[in-house]
Amino acid sequence: MIRISGNLRSAVILVLFSCSRVLWAQAAPSASSAPPAPASQPGNNSSTAAPSERPAAITAILYPDGKAKSVGLNEKLQVQVTGPTGDTNLKVDASKYVLFFNGKEVKDLPDPTYNRSTHSLVFELRRTVNNKDLWTDLLGSPVRSTVPVTVALGERPDSASQAPQPSIYAFRGDEGLSKFELKVFGPVSISVAAVVVFGMIWLVLARARQNTTLRDGMIPQIPPSLQTYSLARCQMTFWFVLIFCAFIFLYIATWDYNTISSQALILMGISGATAMAAIGVDAAKDSPADATNRGLQALGFNSYADVQQLIIYEIPSREAELVRQQKLLSTLLPAPPDTPDAALTPQQLQWQTVNQRVSQLIIEINDRKNRLGTYEDRIRPFLTQGFFTDITTDINGTAIHRLQVLCWTLVLGAVFIIGVYRDLAMPEFSSTLLTLMGISGAGYVGFKYQEVNS
Amino acid sequence: MPDKIQHVVVLMLENRSFDSMLGRLYPDDPDFNGLTLGEYNTYAQTRFGVWSGEGMPPSLATAPDPDPGEFFKDIAEQLQGDPTAPCPMGGFAANYATQKPSSDGPFNPRSAMHFFSPEQVPVITQLAKSFGVCDCWHASAPCQTWPNRFFVHTGTSRGHVDNNTFRIPFPAESLFHRLQKGGRSWRVYFHDMPQSILLGDLWLYAVFHFRGLAQFLADAHTGNLPDYSFIEPRYFSDLFLNKIPNDEHPPHNVLYGEQLIAQVYNAVRSSPCWESTLLIITYDEHGGCYDHVVPPPAVPPDGLVDNPYGYPFNTYGVRVPAVIVSPFVPPGSKVRPPVRDDGLVYPFDHTSIIATVRNLFLKGSPPLTQRDAVAPDLLHALSLPTPSNAGPASIDATAMEASATEVQSRAVIAPNGMQASLSAAAALLPTTPPNTAAQVPAPAGLPNTQYPTVAIAHANATASTNRFLNR
């Protein structure tokens, strides 16, 4: 017994299916699933016959500028047709015809027009509420910038209760003539979108290493690049980036700007509220970070610039002067006698003055180094330990209230991405899932209240 | 039963006189040398009696505020006062009123006469009543903090009377050093910067013996207390930890000191070492707070006089509170010094701690100075045959946490004398612990540091200390 895995089985079926299509095309088999095609390809005798009122076959798909090999939404698709006898001199009532993509009616399109010069029915491809499912089938889960589509035409039935059926195809053996590449993303739109998306991601993420976009910033004396990452801010940013990118993706794929679902808004609201509540907790409670801030301010450090001033200027300038004064002192030796009321020479008096300055400089240097040492000691607990550690741990190690926020955010984020990619729409999360996110955020804020006092 | 005592723990707080803390401990007991409420000082023809401010909220347990004078010349004025006045110890109000004007507030002479009622300081009161209180324990000299703290450790201040004249490292043999040589264990437990780190003979091994208070709590909990423990309170406001000093130094709120006393007592009381531990709670000096007992004459420790006043250390300082805690001390004891074989009675002073430790752990070891040679020890206070005085199982101190505003208000002001001296001395600590005696620097005078705020003084003190102790 041979066990065939799922992938292998799919591959075998795909190969068999492809082979059958080739054989069908060559031998004109009467496969019931295949669209019926005109029996033969007649000669071109349009000059001798009266104009036909009904196209019989599709002879080509014409591209608008003759260069582009694809047609997309909001563009015009020209389906060149011919009469039953191969005549091109048709007298067609274009409004009677409907378009079929891959055998499915493209509903709700504006009435097509007939272009006599190109002998084609011109359809304006529009995405509406009534046909968006078809477009989702066609454009969803894109792996390339175009997808192949087979075109057919059908006549609109007299009765509104009857659904039109595809009846006009390419001639048998020329099925390729009724195929075209449906544009998912145009090169211009995808370029603009890429610039917008990557620009925004750069603003948010790349610069996050150097600023406090994603970091706490509770202690302004710490340089931004060393501040701890904030889970609430990261979560809010995560949903913002995701929804923004999804919006851009959907817009360039469907040209629909009403794609943000109410659930997406609720998600942004939950993450925003969580971040605001977290900031509120930080601000409302007098936390160790606040105490550190006050302590550093009392040492003269109101911002990181004050720390830099100490490192770059105050200590080096005094050390340089100390070296100079010590050199000068060595030239004034010997030191005066350590006896009170002793008469001193001018050189000894100068030695005393320089020596006092040396002592003072040593005190000042030590003072600044001690303050700097205190600064380094006190900010240490508030320095970043790396992104993942920052957002998943508190002072006691891995914090479950942080971990659960992270996990649920990632899971729902993945669901969101897959939904947008596959369905060309922002997913409709159930109220249960949204409640889960809300509970997760509330739990985080509640535990954070205790956390800030640790 | 002294031979059952294996651990001595000393907690020394700051700058409170006996009367100011325990003066009304036993108000109806004629055998207790406390306040009668008839004591007063006169200043500018006005009489200022002792007062306690009953009903004052705990947050105001800071009197006297501002800090009274505590230099030698201040104390001399406090002890002398108006020679024509009937009350001895009559110069506290006058000295206080004539302090150099301060931004901390007016020097109302009444403040110097303040005392805390037993209800206002419930922790030390409860311990004093549950175990023993000494109403004749004097500071070793009528001097500032450092001379008296050096007396605790070395039996002398080598002639110095004020903090800022010392040369560091302090070159006198210490009790710690004696214990080290005798193979006994000891530790100093501290909060920010221990004053005892200035003892020169500890610098070679200080790094092994100085620990934070948390270590004391752990050592007590696990029954690993050393033979001798000396606990130093928090001297500086710590903005980073949001902590007010718990040293009780005026005008620091005494209730934080009460919390520390309770913390230490509870740790000892719940320790496996409880039955073999003697806990001594005392203060270094009176700090300008009124006491009615005239300091008696004292034996000069070593004949050294290194002060501009020519003071020969022939008197004790003002009385300070001292509470003796042990299950061998009968409840309600009033611990008094015994009459010696020669008929003399010397009061307790800080060198009584040296005498006690020496007699417990260093039998046969000679005294450090002539002062501790005559100092009465505390062993006779351990008069119960068995450790039967359980005392309170634990003590709850007034629950009070310093507000950020309160800490800030204590951190951005000019440092007091103790804080200024400590932070200045910190600059003399080596950056790394010396490994040999030759690496211990020669004693040097305190540098002329004038840190503008407590916060900056604190940063300098703790940074240098932590560096020196490899913390």
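All values derive from a computational prediction rather than experimental measurement.

Trainee: So what exactly am I meant to see when it comes to the overall build of chain A here?
Mentor: The helix and strand inventory of chain A stands at eleven helices and twelve strands. Sequence-distant contacts, at least 24 apart, represent 73% of the contacts inside chain A between residues at least 6 apart.

Trainee: Honestly, the overall build of chain B in this entry has me stumped. Any pointers?
Mentor: Counting its secondary structure elements, chain B contains 13 helices and 14 strands. Taking 471 residues into account, the globule formula puts the C-alpha radius of gyration at 23 Å, and chain B, at 21 Å, falls close to it. Expressed along its principal axes, the backbone C-alpha trace of chain B runs to roughly 60 × 55 × 45 Å. For chain B, long-range pairs separated by at least 24 residues make up 78% of all intrachain contacts whose partners lie at least 6 apart in sequence.

Trainee: What is the right way to read helix α13 (residues 454-468) of chain B from this model?
Mentor: Each turn of an α-helix holds 3.6 residues, which means side chains three or four residues apart point in the same direction. All names here are of chain B. The end-to-end C-alpha distance of α13, which contains 15 residues, comes to 21 Å, matching closely the 21 Å that a straight helix rising 1.5 Å per residue would cover. With 13 of its 15 residues buried, α13 lies for the most part within the structure. Where α13 ends, the next residue or the one after it, N470, has phi of about 55°, a positive value.

Trainee: How should the nonpolar core be read in this particular structure?
Mentor: For soluble globular proteins, nonpolar side chains are generally found buried alongside one another. Residues I124, V323 and I324 of chain B are the most contacted members of the largest nonpolar core, which totals 155 residues. The element that contributes the greatest number of residues to this core is helix α8 (residues 254-269) of chain B, accounting for ten residues. Viewed by domain, this core spans two of them, domain 2 (189-293 + 385-451) and domain 3 (299-382) of chain A, each represented by three or more residues. Setting aside chain neighbours within four positions, we find V323 of chain B in contact with I124, L127, A128, F131, G132, V133 and I281 of chain B. Of all hydrophobic cores here, the second largest spans 34 residues; its members include F249, A278, V405 and Y444 of chain A.

Trainee: Explain the domain arrangement of chain A to me, please; I cannot follow it from the model alone.
Mentor: Many authors give the size of an interface as the accessible area that is lost as the parts come together. With domains assigned, chain A is organised as domain 1 (39-183), domain 2 (189-293 + 385-451) and domain 3 (299-382). Put simply, the middle of domain 1 of chain A and the middle of domain 3 of chain A, counted by C-alpha atoms, are 90 Å apart.

Trainee: Would you take a moment to explain the packing of helix α4 (residues 231-254) of chain A against helix α10 (residues 400-423) of chain A for this structure?
Mentor: Each pair of packed helices can be described by the angle between their axes along with the distance between the axes. Residue and element names in this part refer to chain A. Packing of α4 against α10 brings their axes to within 11 Å, and their N-to-C directions diverge by 0°. As judged from the angle between their axes, α4 and α10 are roughly parallel. Within the contact between the two elements, α4 uses L231, Q235, F238, L242, A246, F249 and L250 and α10 uses R402, V405, L406, T409, G413, F416, I417 and V420. Taken together, the residues that form the contact of α4 with α10 break down as eleven nonpolar, three polar and one charged.

Trainee: Where do I start with the environment of V71 of chain A in this structure?
Mentor: Residues and elements named next belong to chain A. Within the element layout of this structure, V71 appears in strand β2 (residues 70-72). The spacing of V71 and I61 is ten residues in sequence and 9.8 Å in space, taken between C-alpha atoms. With residues near it in sequence (within four places) discarded, V71 still touches Y63, L77, L125, F180, L182 and K183.

Trainee: Just to check I follow, could you spell out the interface of chain B and chain A for this structure?
Mentor: Across the contact, 19 residues belong to chain B and 16 residues belong to chain A. Residue assignment for the side of chain B that touches chain A shows that the elements contributing at least two residues are α11 (404-411) and α13 of chain B. Ranked by the residues each element gives to the side of chain B that touches chain A, the list is headed by α13 of chain B, at seven residues. For the side of chain B that touches chain A, a count of residues per class yields twelve nonpolar, seven polar and no charged.

Trainee: I'm lost on the packing of helix α6 (residues 288-298) of chain A against helix α8 (residues 346-379) of chain A in this one. Help?
Mentor: Residues and elements named next belong to chain A. Running from N to C, α6 and α8 cross one another at 170°; their axes reach a closest spacing of 11 Å. Looking at the two axes, α6 sits roughly antiparallel to α8. Across the interface between the two elements, T292, G295 and L296 from α6 touch Y375, R378 and I379 from α8. Tallied by class, the residues present in the contact of α6 with α8 amount to three nonpolar, two polar and one charged.

Trainee: What is the right way to look at the sheet that holds strand β4 (residues 132-133) of chain B in this model?
Mentor: Strand pairing in a sheet is mediated by backbone hydrogen bonds. Such pairs are either parallel or antiparallel. All names here are of chain B. The eight strands are arranged β8-β7-β9-β1-β10-β11-β4-β12 in an open sheet whose pairing can be described as mixed. A strand with exactly one partner marks an edge of an open sheet, and here the two such strands are β8 (210-212) and β12 (333-334). Here helix α4 (residues 122-130) sits on the sheet and contacts β4, β10 (277-283) and β11 (322-325); the angle it forms with β11, its principal contact strand, is near 55°. Of the strands in this sheet, β1 (7-13), β9 (228-231) and β10 touch helix α9 (residues 351-361), which is tilted by about 170° from β1.

Trainee: I keep staring at the pairing of strand β7 (residues 120-124) of chain A and nothing clicks. Help me out?
Mentor: Side-chain positions along a regular strand alternate between the two faces of the sheet. Residue and element names in this part refer to chain A. Pairing of strand β3 (residues 76-82) with β7, which is carried by five bridges, proceeds in the antiparallel orientation. Looking at β7, one finds that L77 is bridged to F123. Sheet topology note: the strand β6 (residues 113-115)/β7 ladder contains three bridges and is antiparallel. If you follow T113 over to β7, its bridge partner there is V122. In this antiparallel pair of consecutive strands, β6 and β7, the connection spans four residues, and H119 shows a positive phi of 55°.

Trainee: In this structure, what is going on with the pairing of strand β9 (residues 166-170) of chain A? I would like to understand it.
Mentor: Residues and elements named next belong to chain A. Of all five residues that make up β9, four are buried, and the element is covered over most of its length. Pairing analysis gives two bridges linking strand β8 (residues 146-155) to β9, with the strands arranged antiparallel. Note that in β9 the partner of L153 across the bridge is I168.

Trainee: What exactly am I supposed to notice about α11 of chain B here?
Mentor: Inspection of α11 of chain B places V407, Q408, R410 and A411 of chain B among the buried residues, and these make up the whole buried set. Seen end-on, α11 of chain B carries its buried residues on one side only, within an arc spanning 165°. Where α11 of chain B is buried, its residues meet α6 of chain A together with α13 of chain B.

Trainee: Can you walk me through the confidence of the model for chain A in this structure?
Mentor: Close inspection of predicted coordinates is inappropriate in any region flagged by low pLDDT. Residue and element names in this part refer to chain A. Model confidence for chain A is summarised by a mean pLDDT of 83, while 87% of its residues fall at 70 or above. Mean pLDDT across the secondary structure elements of chain A bottoms out at helix α1 (residues 6-27), with 40, and peaks at helix α7 (residues 304-331), with 95. Ignoring residues within four places in sequence, the model shows residues 1-47, a span with pLDDT below 50, making 33 contacts including any to other chains.

Trainee: Just checking my understanding: could you explain unusual backbone geometry for this structure?
Mentor: In most cases, non-glycine residues show a negative phi, while peptide bonds are predominantly trans. Between A63 of chain B and P64 of chain B the backbone carries a cis peptide bond, its omega angle lying at -5°. Omega for the bond connecting D65 of chain B with P66 of chain B falls within 30 degrees of zero, at 10°, which places this linkage in the cis form. Even without being a glycine, N102 of chain A presents a positive backbone phi close to 50°. Within the secondary structure, N102 of chain A is located in the loop between β4 (97-101) and β5 (104-105). The phi torsion at H119 of chain A lies on the positive side, around 55°, for a residue other than glycine. Positionally, H119 of chain A belongs in the loop between β6 and β7.

Trainee: What is the right way to look at the environment of D135 of chain B in this model?
Mentor: All names here are of chain B. Within the secondary structure, D135 sits in the loop between β4 and β5 (137-138). Overall, the presence of 24 C-beta atoms within 10 Å leaves D135 in the buried class. Distance from D135 to T42, taken between C-alpha atoms, is 25 Å for residues 93 residues apart in sequence. Apart from residues lying up to four places away in sequence, D135 is in contact with F18, F32, N33, G34 and K334.

Trainee: Could you clarify how one ought to interpret the confidence of the model for chain B in this entry?
Mentor: Chain-level pLDDT for chain B is 94 on average; 98% of the residues reach the 70-or-more range. Model confidence for the complex is summarised by a pTM of 0.78, with the ipTM given as 0.85.

Each value, and the rule that gives it
Residues numbered from 1 in each chain as written. Chains lettered and ligands numbered in written order. Predicted model: local features only at pLDDT ≥ 70, side-chain atom pairs only at ≥ 80, totals over all residues. Helix = DSSP H or I, 4+ residues; strand = E, 2+ residues; numbered from the N terminus. Contact = placed C-beta atoms within 7 Å. Rg over C-alpha atoms; globule rule 2.2 N^0.38 Å. Expected span 1.5 Å × (residues − 1). Buried ≥ 20, exposed ≤ 12 C-beta atoms within 10 Å, placed from the backbone. Core = buried A, V, L, I, M, F, W, Y, C linked by C-beta atoms within 7 Å. Domains from an automatic or database assignment. Axes fitted to C-alpha atoms, helices over the stretch in contact; angles between N-to-C directions. Parallel < 35°, antiparallel > 145°, perpendicular 65-115°, else oblique. Nonpolar A, V, L, I, M, F, W, Y, C, P; charged D, E, K, R; others polar. Pairing = 2+ DSSP bridges. Arc of directions from axis to C-beta. pLDDT = per-residue confidence, 0-100.

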